[in-house]
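Next come the chains, spelled out residue by residue.
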Amino acid sequence: MYEPIRSKSVHTMAGAPSSDFPHRSREEELDIQLAGHLAALLAVTDEIRALAPSADLDAGAERLTEQVTRLRGGAPLRTPATATSEAPHLVTLHRRAHALAGRALVVAASRADTAAAILSAERMDAHALAVEPRELASR
C-alpha cells in the first residue's frame, strides 16, 4: 500500500549536528549585532560632526571606533562626512543616533559587555541632551 522511502530524509534528528551550513553561537551573533549597531551609530555621529563639530562628538566617535574594532577584529570603514547645503536637520540625526545607541545598549546588556553598554548609555544621554534644548527653543 505504501511505497518505501528510497531517499535520505530532509529532516534532521534533534541533537544531530548538521554540517550543511556553518552555525554561530549566540555570543557570536550578539557580537555581530552589537558591532553593526555601533558602526551605524558611528556613521550618524560622523554626519553630525560634519554639520556641528564638537569635542564631545569627536571623543564619542573615537570610542565607538575602538569598540567596533574590538568586536569586528578590524577598523570600521569610515567615509569623511562633509556638510552640504541639503544636510538633514540636526535634531533628526540626533534622534536617529539616540535610537541606535538604545539598540546597541540592549544588545550590549544581553551580551554582558559592560564597556559597550556604558558607551551606548553615554551616547544616548549626549544625543538626548543635544535634542532637548533645540526642542525647547522651537516651542
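In what follows, the structure referred to is the one given above.
Residues numbered from 1 in each chain as written. Predicted model: local features only at pLDDT ≥ 70, side-chain atom pairs only at ≥ 80, totals over all residues. Heavy atoms only, no water.

Student: Explain the overall build of the chain to me, please; I cannot follow it from the model alone.
Tutor: Check the secondary structure of the chain and you find four helices and zero strands. Listing each helix as α and each strand as β along the chain from the N terminus yields α-α-α-α. Looking at the chain as a whole, 31% of its 139 residues qualify as buried. When the accessible area of the chain is evaluated, it comes to approximately 9,400 Å², of which 57% is carbon and sulfur surface. (Helix = DSSP H or I, 4+ residues; strand = E, 2+ residues; numbered from the N terminus. Buried < 20%, exposed > 50% of the residue type's maximum accessible area, 1.4 Å probe, protein only. Areas by Shrake-Rupley, 256 points an atom, 1.4 Å probe, with all protein chains shown as cover.)

Student: Please explain the environment of Ser120 as it appears in this structure.
Tutor: You can see Ser120 is positioned in helix α4 (residues 114-138). Remark: the alpha-carbon pair of Ser120 and Arg103, spanning 17 residues in sequence, is separated by 8.6 Å. Among residues more than four places away in sequence, those in contact with Ser120 are Leu38, Ala101, Ala104 and Leu105. Only 2.8 Å separates the side chain of Ser120 from the backbone oxygen of Ala116, close enough to count as a polar contact. (Contact = heavy atoms within 4.5 Å. Polar contact = N/O pair within 3.5 Å; in protein donor to acceptor, adjacent residues only side chain to side chain.)

Student: I'm lost on the nonpolar core in this one. Help?
Tutor: Considering soluble globular proteins, one finds that nonpolar side chains tend to be buried as a cluster. Counting residues in hydrophobic clusters, the biggest one holds 26 residues, and the most contacted among them are Leu34, Leu38, Leu41, Val44, Ile48 and Leu64. Of all the secondary-structure elements, those providing two or more residues to this core are α1 (26-51), α2 (55-72), α3 (90-111) and α4. When residues of this core are assigned to their parent elements, the largest contribution, nine residues, is made by α1. Beyond its immediate chain neighbours, meaning those up to four positions away, Leu41 contacts Leu64, Ala97, Leu100, Ala101, Arg123 and His127. (Core = buried A, V, L, I, M, F, W, Y, C linked by side-chain atoms within 4.5 Å.)

Student: It is not clear to me how unusual backbone geometry should be interpreted in this structure. Could you clarify?
Tutor: Excluding glycine, a negative phi dihedral is what most residues carry, and trans is how most peptide bonds are arranged. With a phi angle near 65 degrees, Ala112 is a residue other than glycine that sits in the positive phi range. Turning to its location among the elements, Ala112 is positioned in the loop between α3 and α4. Judged by relative accessible area, Ala112 falls into the exposed class, the value being 63%.

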